[in-house]
Structures are given as C-alpha cells and as structure tokens.
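A closer look at the structure
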Number of protein chains: 2
Amino acid sequence: MIRREDGAGGRYMTEFLKSRIFRYIESRAGEIALSDMEDSADFDDSYVLTTDSYTAFPPVFRGGSIGSLAVFGTSNDLAVMGAMPAFMSLAFIIQEGFDGDIFSRIMEDIANSAKMLELKIITGDTKVVEMNAGIFVNTSGIGVRNRHLEQNLDVVREYRDYPFRWVRDCGLRSGDAIIVSGSIGEHGIAMLLEREDLGFEMDVESDVRPVWFAVRDAMDAGGVVAMKDPTRGGIAETLNEMSEKSRVGIVVEEELVPVRDDVRAVSDALGLDVMSLANEGKVVLGVIPEMADDVLKALRKHDRNAEIVGYATDRFREVIVRTPIGTEKILPPPALDPVPRVC
Amino acid sequence: MIRREDGAGGRYMTEFLKSRIFRYIESRAGEIALSDMEDSADFDDSYVLTTDSYTAFPPVFRGGSIGSLAVFGTSNDLAVMGAMPAFMSLAFIIQEGFDGDIFSRIMEDIANSAKMLELKIITGDTKVVEMNAGIFVNTSGIGVRNRHLEQNLDVVREYRDYPFRWVRDCGLRSGDAIIVSGSIGEHGIAMLLEREDLGFEMDVESDVRPVWFAVRDAMDAGGVVAMKDPTRGGIAETLNEMSEKSRVGIVVEEELVPVRDDVRAVSDALGLDVMSLANEGKVVLGVIPEMADDVLKALRKHDRNAEIVGYATDRFREVIVRTPIGTEKILPPPALDPVPRVC
C-alpha cells in the first residue's frame, strides 16, 4: 500500500524510491543516474532534464499559485545544477467543473513566470478527469550549459579536483561554507495559513520565485560546489541529503539561519520545526571557503537575508544544529511534510 | 468552468487550447510552435520534447497498464516526428492507500517497456495525495534526430520541396497516400470492456505498443511526409487534424480500413464509430504516392494488417469516407471520447 510518507520528500520517500522505483528502472544517460536523486539529470554535455508534478492545495494562495509554482519550481531544479532554465513542457490534469476564472489566473501566472525567465513552453497536454482532483500541473524542464556554470567550475578547479560537469549534491568537502540564499519557511507557513484558520493575523506570503538569477550571480563569483533548493522537507532534508551524498557532516549555527520573526512565531506556536518547512524560492549552497564571502555578496544583491549558516565537517552523516548557548542537537531528515500538498 | 470535452482530444479541445492556453503562452524554440499542436516540439536541431499525462482507468487492463501506456504513448509521440525515443522523465501522482502490488505491476511494465525501446528514464518525481485520484502518470520524452529520419527526408526531397526538419502533420499534399499501420479501435474497446460489463464475451486486448520500429522501417523505405498516432479521437480526429494543418482534403475507402471483426461487432452494437475509438500502438502515415507500396511493405513486416486506406485531395477540410456502395459521408472530428479516461 502506498503511504503518505512515501511521497513526502523525507527519509521514507528515499526508501520508497529505492525499493519500489530504482530497482526496476535504474538508468543514466550522462554522469547523473536516476538513483542519484539529483534535481535534474544530464542527457548530453549541453542539457539536463527535470520533472515535477505540482499538487498544491489550494491552487491559488498568498504570493502565487500552482502556476507560478510549476514554472519556478521546475526552473529551480534546473538552476541548482548550474543549468540555465530554457525549455519547458506543461501538462494539466483538471477536474471536470474546475473554475474557469481560477484556471485563467493560473495561466496568467504561468505566462508571467515563463516571461520573467525568458523560458519557452514548447509542448503540452491537457486531461480533464471526472474525479475529485482539483488541478494538478506537471512541468518538465530542460536546462542548458552556460558561461556562468563554466566560469564557476573553472574557479572551483583552481582549488580542487571537481570531477563533475554540473553542480552536484555530492560536491561538498569538509570545511566548505553552507550558505542559505534567504529567509526560510515562508512557503510552508503561507500554505498552512491558507488551509486552516489558525487564528493568526499575519501577512506571510509564499516565497515562490526563480532562483536562477541569484544562482547565476553566485556562479559568476565562483566556487559553488553544491546546490539544492529546500522544498519538501525544508533545509533539514536538504542538508541531510547533501551530507549523505557528499559523505560529510554539516554544522549549522541556529542563530545564523535567517527566519522571519512572524514565521518563527507561528512555527513555534504550532510546534513545527522551521528547518523542516517547505521553501519555493531559496537555495542552499556549498561553497569553497575562500570564495564564501564573494558568493554571499553576490547573493545579497538579490536577498539581503542571505547568510553563511555553517560549514561541512568530516563527521559523515552528522548534521548538527548548534544553539546560541552552545549545545548541539542532531537535525534529522523529516519523515513527513508538516503541511501536505504544499508543492 | 472546465468541461469534459475541453480535454477530450476533439474539436472542443482545440477551441479550449486556443482560447485558454495558447493566448497566454504561445512560444517556439525551433520550427515547431506550441500552437502547432504537433506531437512533439523541437528545441534544437537534434532534439524534440513531448509530454503526456496518463489517467487511464482502470490502471491495469487487458494488454497492458498505465505503465506501458506511459512509456509507449510518449515514445510514440516522439516517433511520429521521425525522432528516435531516447530519454524520459517519469512522474507519479498516487492516491494514499493505492495497492502496492498493482504499483509493482505498473513499475514492471514501465521497466520492460523502456527496455524494449532501449530508452533511458533519467529523472522522476513522486507525489502521494489524499484525494480520490487512483494513479496518474506523466512521462515527458526526448527524441533524437537519426539516420532513418535523414534518409526519409532525402527521399522526400527527391520528389518535392519539404521545408521541415522533422516529419510534420502539415506535410501532406493532394495525391499523397494515407496508410494505417494496423487494425484500429482495439484500445478503446478493451478499455470499455474493462469498465463495463456489457455482456460481450470477447478477447480484445489494448494495442498499446511502440510504433518506433515500424516507423523506423517506413522511413528507411522513404517518402513519409506526415505521421500521427491516432489516440484520443481515433483516426477520425487524426485525419481531420492532418487535413486542417496540411490544407488538403482526405478520402478514405471504408472497406480498406483494417478493423477486427469482433471490434467492429461491439462497436456497431453500441452505436460507436470505430473511426473515433482510441488506439495506442498505431500510426497514420501520409506518403508520397510513388513510395506508398514500399512503405506499406515495410509496415507489413510489423503488422500484416497495415493498409493504404485512401489519399489526400485538394478539397481543403473535406474529410470523407467512401462506402463500399459508393456513397460518401463526411467524417467529422469527434467532440468527445466515447470511453473517457482511456489514455
């Protein structure tokens, strides 16, 4: 029986993928295999491919919609490989009777999002179904090798051997700086407030936006060895994945992690860990220590909340948060998204 | 409000796409624009991209499953452009509680289907949702320019100017032969029999299979100027689309259209038009008349029911079926699939 946690982006999902998917269809076309669980996979020297189905409920929410989510979310999975988002497919599964005005709003968001990225939607599909499905959107994206990526890899290779042609989750080494590109948890909290009347009076919007422009400038600064966008499972999941794939530990200073006061307050009040909340317009970067300040400066032009939050260690699999009073706690990969269907 | 017919693959769907989708995101990367409604679109000289969401119910049926459908269906949308299916993404939306054994059966079909085509599934996504959705599968495919396509285009260009780099729906000219690669209507009838106990005792299986091998050999024979796989809406929809896009008429001899006796019997008994029934492993080809016999011979190595069923005329938009007694009837594009959620 397929369980909710099998698709929740956490540790159970990893087990699900290994036992139920990769054992049947493990495959690779270039350097990245399906089971590498990267954000995209290369199919020749110039291109990477990614896919994502969006089931966010409600489909229109504060700060965006399933339309902007589908374009930006998929483009972000390309950008964190160092690829420039270039082409996209768009597939709808729509419930019969779905509101036409909401659909138009979603299409407007898709059009504006694609325009912002100068990205071309070249093929599509529409299915209308009878059952209670609301609207689901799948976007598959193709990202292209570009001079920003090349320049970044050139800088990286001045410092160390980096045997990859794209920016990989497995690229971290002990001592590398961990940078978060902005404040975290806003998408998760925004979706929660859309879904439940929790009695909070607040103005949190989803952070859904493209990370490509910040990533591009970070790569121009150079020295970026790993990137991931902390969506389902938040930065807790992202840091654990980077640690596992790079065979390093990670230490994060809790007080350095950028969180808005109101997001922190709601999160604490509900007993949620802000580190596990979904984000839709942020990146976690691993950067060669000598380049960390330059990359931070580049990121802060896009978001002044970008911050160096910690560093990689040689203690494989130990992902630790250090509190302001100096105690340390393990940061486990979350099992479940606290807000289902946020992405 | 989104209506069932907006996603049914017929004439209402064309209106839906124009008024609700293309007006927002009309775009092209190469020669094929989104609004060309081709089966795939090129994003450089070597590659085409396509996407399809599969909502077939039930997910396992006589002759296949939503798994084989997702791999073969998407690969067929590449093949009818003349592209060799090469890479694929795989995205699941699964209802919480979905049967694990059925899921395994679907994964086995996906693995075997990909193996048959030597096609690489390189990236994926899994979402588990709470609502009544069963299972939906999206596959996006990338097809590659190949020597069979080049050879075919070389032969075509011995006979006429053909300004396209891929095999296009708009490539027909008056006089071209219309060939169907095998008997029609089996997928539609098989799905109908799975869904309803209609009291028929019969052994019709879905024809879900890859068309690439037959297409490849047809292109080696040469002279193929248009191809389309007649899925939703059947060959009625396909012939009308080819006629519209190529600005020609089409005449089909009813008695030449290959239909199994049992499929014809059920179809007649239920008042369905076999020409509108979905297929999942067939191709309709437009071929330069001088090459029609060679292409037919190549296709018959794969399916002895392949047949030259008619020809293109200069009477734009007139798609006509000629009966054995010599009367003619208009073949309109269907408005609705007679069996919803077959693909």
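Note that the coordinates shown come from a computational prediction; the quantities given were computed from them, not determined experimentally. (Residues numbered from 1 in each chain as written. Chains lettered and ligands numbered in written order. Predicted model: local features only at pLDDT ≥ 70, side-chain atom pairs only at ≥ 80, totals over all residues. Heavy atoms only, no water.)

This paragraph deals with the interface of chain A and chain B. Each partner contributes to the interface: chain A provides 71 residues, whereas chain B provides 71 residues. Together chain A and chain B conceal approximately 6200 Å² of surface at their shared face, both sides included; 67% is due to carbon and sulfur atoms. When residues of chain A are sorted by the area they lose upon contact with chain B, I2, Y24 and I122 of chain A head the list and together hold 11% of the total. Of the charged contacts, one joins R232 of chain A and D125 of chain B as a salt bridge, the two residues approaching to 3.3 Å between their closest N and O atoms. Run the count over chain A and chain B and you get 23 residue pairs in polar contact (both at pLDDT 80 or more). For the side of chain A that touches chain B, the secondary structure elements donating two or more residues are helix 1 (11–25), strand 1 (41–42), strand 2 (47–54), strand 5 (84–95), helix 3 (100–117), strand 6 (120–129) and strand 7 (135–144) of chain A. Across the side of chain A that touches chain B, the residue classes break down as 36 nonpolar, 18 polar and 17 charged. (Contact = heavy atoms within 4.5 Å. Buried area = accessible area lost by both parts, 1.4 Å probe. Salt bridge = Lys/Arg side-chain N within 4 Å of Asp/Glu carboxyl O. Polar contact = N/O pair within 3.5 Å; in protein donor to acceptor, adjacent residues only side chain to side chain. Helix = DSSP H or I, 4+ residues; strand = E, 2+ residues; numbered from the N terminus. Nonpolar A, V, L, I, M, F, W, Y, C, P; charged D, E, K, R; others polar.)

With their axes 8 Å apart at the nearest point, helix 3 of chain A and helix 1 (residues 11–25) of chain B run at an angle of 30° to one another. The angle between the axes of helix 3 of chain A and helix 1 of chain B places the two elements in the roughly parallel class. On helix 1 of chain B, the residues touching G100, F103, S104, M107, E108, I110 and A111 of chain A of helix 3 of chain A are F16, R20, I21, Y24 and I25 of chain B. (Axes fitted to C-alpha atoms, helices over the stretch in contact; angles between N-to-C directions. Parallel < 35°, antiparallel > 145°, perpendicular 65-115°, else oblique.)

All names here are of chain B. By the alternation rule, side chains of strand 8 (residues 177–180) split into A177 and I179 and I178 and V180, which are all buried. For strand 8 and strand 11 (residues 284–287), the ladder comprises 4 bridges, and the chain directions are antiparallel. Bridging from a neighbouring strand, I178 pairs with G286 of strand 11. Two elements, strand 8 and strand 12 (residues 307–313), share 4 bridges in a ladder whose sense is antiparallel. Looking across to strand 12, one finds that I179 is bridged to I308. (Buried < 20%, exposed > 50% of the residue type's maximum accessible area, 1.4 Å probe, protein only. Pairing = 2+ DSSP bridges.)

Each of the two chain copies can be generated from the other by rotation about an axis followed by a shift along it. Of the transformation superimposing chain A on chain B, the axial component is 0.0 Å and the angular component is 180°, with the fit at an RMSD of 0.0 Å. Put plainly, the chains are arranged around a two-fold axis. Take the interface residues of chain A: 100% of them recur as interface residues in chain B, which is what a same-surface contact looks like. (Least-squares fit on C-alpha atoms with pLDDT ≥ 70 in both.)

Taken together, 5 strands build an open sheet; the order of strands is 1-2-7-5-6 (chain A) and the sheet is mixed. Looking at the sheet topology across the chains shown, the edges are occupied by strand 1 and strand 6 of chain A. Relative to strand 7 of chain A, strand 5 of chain A runs antiparallel, the two being bridged by 10 bridges. Directly across from I94 of chain A, in strand 7 of chain A, lies its bridge partner I135 of chain A. Packed on one face of the sheet, helix 1 of chain B meets strand 5 and strand 6 of chain A and runs near 140° to strand 6 of chain A.

Glancing now at the domain arrangement of chain A. All names here are of chain A. When the domains of chain A are assigned, the result is domain 1 (4–144) and domain 2 (147–330). One C-alpha centre belongs to domain 1, the other to domain 2; they are set 21 Å apart. Residue-level contacts link 43 residues of domain 1 with 36 residues of domain 2. The contact between domain 1 and domain 2 buries some 3200 Å² in all, and 53% of this surface belongs to carbon and sulfur atoms. Where domain 1 touches domain 2, the interface holds 6 salt bridges. We note a salt bridge from E38 to R168, for which the minimum N-O separation is 2.8 Å. Linking domain 1 with domain 2 are 17 residue pairs in polar contact (both at pLDDT 80 or more), by the criterion used here. Elements supplying a minimum of two residues to the side of domain 1 that touches domain 2: helix 1, strand 2, strand 3 (60–61), helix 2 (66–79), strand 5 and helix 3. Per element, the largest residue contribution to the side of domain 1 that touches domain 2 is 8 residues, and it comes from helix 2. Looking at the side of domain 1 that touches domain 2 residue by residue, the classes come out as 22 nonpolar, 11 polar and 10 charged. (Domains from an automatic or database assignment.)

A few words now on the side chain of T313 of chain A. Along the chain, T313 of chain A turns up in strand 12 (residues 307–313). Polar contacts involving the side chain of T313 of chain A include one to the main-chain amide nitrogen of R315 of chain A, which spans 3.2 Å.

A separate point is the nonpolar core. Taken as a class, soluble globular proteins show a tendency for nonpolar side chains to be buried jointly. Grouped together as the largest cluster of nonpolar side chains are 228 residues, with contacts concentrated most on F92 of chain A together with F92 of chain B. Setting aside residues no more than four positions away along its own chain, F92 of chain A makes contact with F103, I106, M107, I110, D125, T126, K127, I135, F136 and V137 of chain A together with I21 of chain B. One finds V129, M131, A133 and F136 of chain B within the second-largest nonpolar core, a separate group that totals 10 residues. (Core = buried A, V, L, I, M, F, W, Y, C linked by side-chain atoms within 4.5 Å.)

Once that is clear, we can look at the packing of aromatic side chains. Counted according to the given criterion, the structure contains 15 aromatic pairs over all chains. On the numbers, 5.7 Å between centres and 15° between planes, the contact of F43 of chain A with Y47 of chain A is stacked. Like F43 of chain A, the residue Y47 of chain A is buried in the burial classification. A ring pair is formed by Y47 of chain A and Y47 of chain B, whose centres lie 5.9 Å apart and whose planes are at 80°; its orientation type is edge-to-face. With Y47 of chain A in strand 2 and Y47 of chain B in strand 2 (residues 47–54), this pair bridges two chains. Exposure class is identical for Y47 of chain A and Y47 of chain B. Each is buried. An aromatic cluster is built from F43, Y47 and F87 of chain A together with F43, Y47 and F87 of chain B, whose rings are joined through pairwise contacts. Sitting above the plane of the Y54 of chain B ring, K127 of chain A keeps its charged end 5.9 Å from the centroid. (Phe/Tyr/Trp six-rings, centres within 6.5 Å; stacked < 30°, edge-to-face > 60°. Lys NZ or Arg CZ within 6 Å of the ring centre and 35° of its normal.)

What follows covers the layout of surface pockets. All names here are of chain B. By volume, the largest pocket is sized at about 480 Å³. Every residue lining the largest pocket is counted, 22 residues in all, and those nearest its centre are T14, M37, N240, E241 and E244. Mapped onto the lining of the largest pocket, the elements with two or more residues apiece are helix 1 and helix 7 (234–246). Residues belonging to the lining of the largest pocket are distributed by class as follows: 6 nonpolar, 5 polar and 11 charged. Three or more residues apiece are contributed to the lining of the largest pocket by two domains, here domain 1 (4–144) and domain 2 (147–330). (1 Å grid on protein atoms, 1.4 Å probe; cavity = no way out; pocket = protein on both sides within 12 Å on 5 of 7 lines; lining within 4 Å. Points joined across faces, edges and corners; volume = space filled by probe spheres on them.)

Right, let's talk about the pairing of strand 2 of chain B for a bit. Residues and elements named next belong to chain B. Burial analysis of strand 2 places 8 of its 8 residues in the buried class, which makes it a mostly covered element. Residues Y47, L49, T51 and S53 of strand 2 are buried on one face, and the alternating residues V48, T50, D52 and Y54, pointing to the opposite face, are buried as well. Examined bridge by bridge, strand 1 (residues 41–42) and strand 2 share 2 bridges and lie antiparallel to one another. By the bridge assignment for strand 2, D42 is matched with V48. Bridge analysis of strand 2 against strand 7 (residues 135–144) gives 8 bridges, and the strand direction is antiparallel. Residue pairing across strands places T51 opposite S140, the latter belonging to strand 7.

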